[in-house]
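Read off the chains here:
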Amino acid sequence: MAEFTELSEKIAKIKNEVQDELSKLESSKSVYEYKKNILDGKTGLIGSLMKQMGKVPNEQKAEYGKKVNELKAWAQNHFEELDAKLKAEEMRLRYESEKIDVTMPAVKNEKGNLHPVTQVRNQLTDIFASMGFDIYEGTEIETDYYNFTALNTPQDHPARDMQDTFYLSPDFLLRTQTSAGQIHVMEAKKPPIKVVSPGKVFRSDDDATHSPMFTQMEGLVVDKGITLCDLKGMLDEFVQKIFGKGTTTRLRPSYFPFTEPSVEVDVSCFQCHGKGCKLCKGTGWIEVLGAGVVNNKVLEGCGIDTKEYSGFAFGIGIERVAMLKYGINNIKQLFESDLRVLKQIDD
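Everything numeric in this text was worked out from a predicted model, so none of it was measured.

Participant: What is the right way to look at a nonpolar patch on the surface in this model?
Facilitator: A surface patch of nonpolar side chains, amounting to about 280 Å² of accessible area, comprises I141, L168 and F172. Mapped onto the elements, L168 comes out in the loop between α6 (144–147) and β3 (172–174).

What follows is the structure, encoded as structure tokens:
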């Protein structure tokens, strides 16, 4: 009798525990997990009660079995009711979160675009390709010979100093100009030559308008009868395509070891059209690149007969063009990837 009484009390205790626990469950998943702990035939609490049947006197087995089955049916019913209630609430919350108010404005999707330097490089490449130029991309690591010596740069020239050039060894360096590509092209190809060489270059220089790494495009034309007039005509065509119709150029005497004569090239201000403004500092002109007629020593060093051929070369700083074209006053803005700057620029 004692065993039957204890088992009856255990049944009542389990029922109270289940009732208390069900009031705490907040999701259909927790109902499923708790139901397994209670009703599983092998490991569940109610299932284990049937294993106690052997301790019940024979005359009370039927009554005990009835109580266990009633508890099982009661628990099953409460689990199903709570599960249905919680699933209905979960579905309501899901519908609430997923519903769409068709009267609301559409979500604006941000559109990506190419970096301004990439955009300008592509524009320059397309412009010169349309003028018949081939594209040559050299290596960023160059020898001292191709970067300086073959370009007629004297041994005592300041550009060779450690404070201006990133040397990797006595013979190798990070190229300071894509002009080195001219030498590779002239050594590999006979005139006529018409090529531009875009790429990264490196110099020990850092301020608002200079960066230790920047992008340059070097141009070279070698053929019979090439003069400074051909350079001027080509540049006038180029600046109108990149800065707009009506833009003109002027040449000022300068000095570069690999050209003779050498010139600095200015363009008429495309913002004020020569009247004078903040962009051109009131002069009506903006400096954009350096150029000149290729020095005979450079041509001869590449095995080109200077009695028959001549040429011109020019070098454009792509960041410089991008800053002018898009009104950027600090070159570092081109390298910081500030979306407020970049999102405004999309040609």
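Participant: In this structure, what is going on with the state of the cysteines? I would like to understand it.
Facilitator: Inspection of the entire model under this criterion finds zero disulfides. With no disulfide of its own, C277 lies closest to C269 among cysteine sulfurs, the gap being 3.5 Å. Residue class for C277 comes out buried when judged on its relative accessible area of 17%. Cysteine C280 remains unbridged, with the sulfur of C272 as its closest cysteine sulfur at 3.7 Å. We classify C280 as buried; its relative accessible area is 3%.

Participant: When you look at the environment of F335 in this model, what are you seeing that I'm missing?
Facilitator: Examined against the element boundaries, F335 turns out to sit in the loop between α10 (318–326) and α11 (339–342). With relative accessibility at 34%, the residue F335 sits in the partly exposed group. Expressed as a C-alpha distance, the spacing of F335 and H115, which sit 220 residues apart in the sequence, is 9.5 Å. Excluding residues that lie within four positions of it along the chain, F335 makes contacts with S211, M213 and E319.

Participant: How should I be thinking about the packing of aromatic side chains in this particular structure?
Facilitator: Each pair of aromatic rings is reported with the distance of its centres and the angle of its planes. Scanning all chains against the criterion turns up eight aromatic pairs. Measuring from ring centre to ring centre gives 6.4 Å for F312 and F314, while their planes differ by 35 degrees; the resulting arrangement is tilted. Here the aromatic cluster, defined as three or more aromatic residues joined through ring pairs, consists of F128, F133, F238, F312 and F314.

Participant: What's the story with the side chain of T176 in this structure? I'm lost.
Facilitator: As for its placement among the helices and strands, T176 is situated in the loop between β3 and α7 (180–188). Its relative accessible area of 6% is what places T176 among the buried residues. Side-chain polar atoms of T176 contact the side chain of N147, separated by 3.0 Å. In contact with T176, not counting residues within four places along its chain, are N147, F148, T165, V201, F202 and R203.

Thresholds, definitions, all that
Residues numbered from 1 in each chain as written. Predicted model: local features only at pLDDT ≥ 70, side-chain atom pairs only at ≥ 80, totals over all residues. Heavy atoms only, no water. Patch = residues over 30% accessible without salt bridge, like charges linked within 9 Å, V, L, I, M, F, W, Y side chains within 5 Å. Areas by Shrake-Rupley, 256 points an atom, 1.4 Å probe, with all protein chains shown as cover. Salt bridge = Lys/Arg side-chain N within 4 Å of Asp/Glu carboxyl O. Helix = DSSP H or I, 4+ residues; strand = E, 2+ residues; numbered from the N terminus. Disulfide = S-S within 2.5 Å. Buried < 20%, exposed > 50% of the residue type's maximum accessible area, 1.4 Å probe, protein only. Contact = heavy atoms within 4.5 Å. Phe/Tyr/Trp six-rings, centres within 6.5 Å; stacked < 30°, edge-to-face > 60°. Polar contact = N/O pair within 3.5 Å; in protein donor to acceptor, adjacent residues only side chain to side chain.

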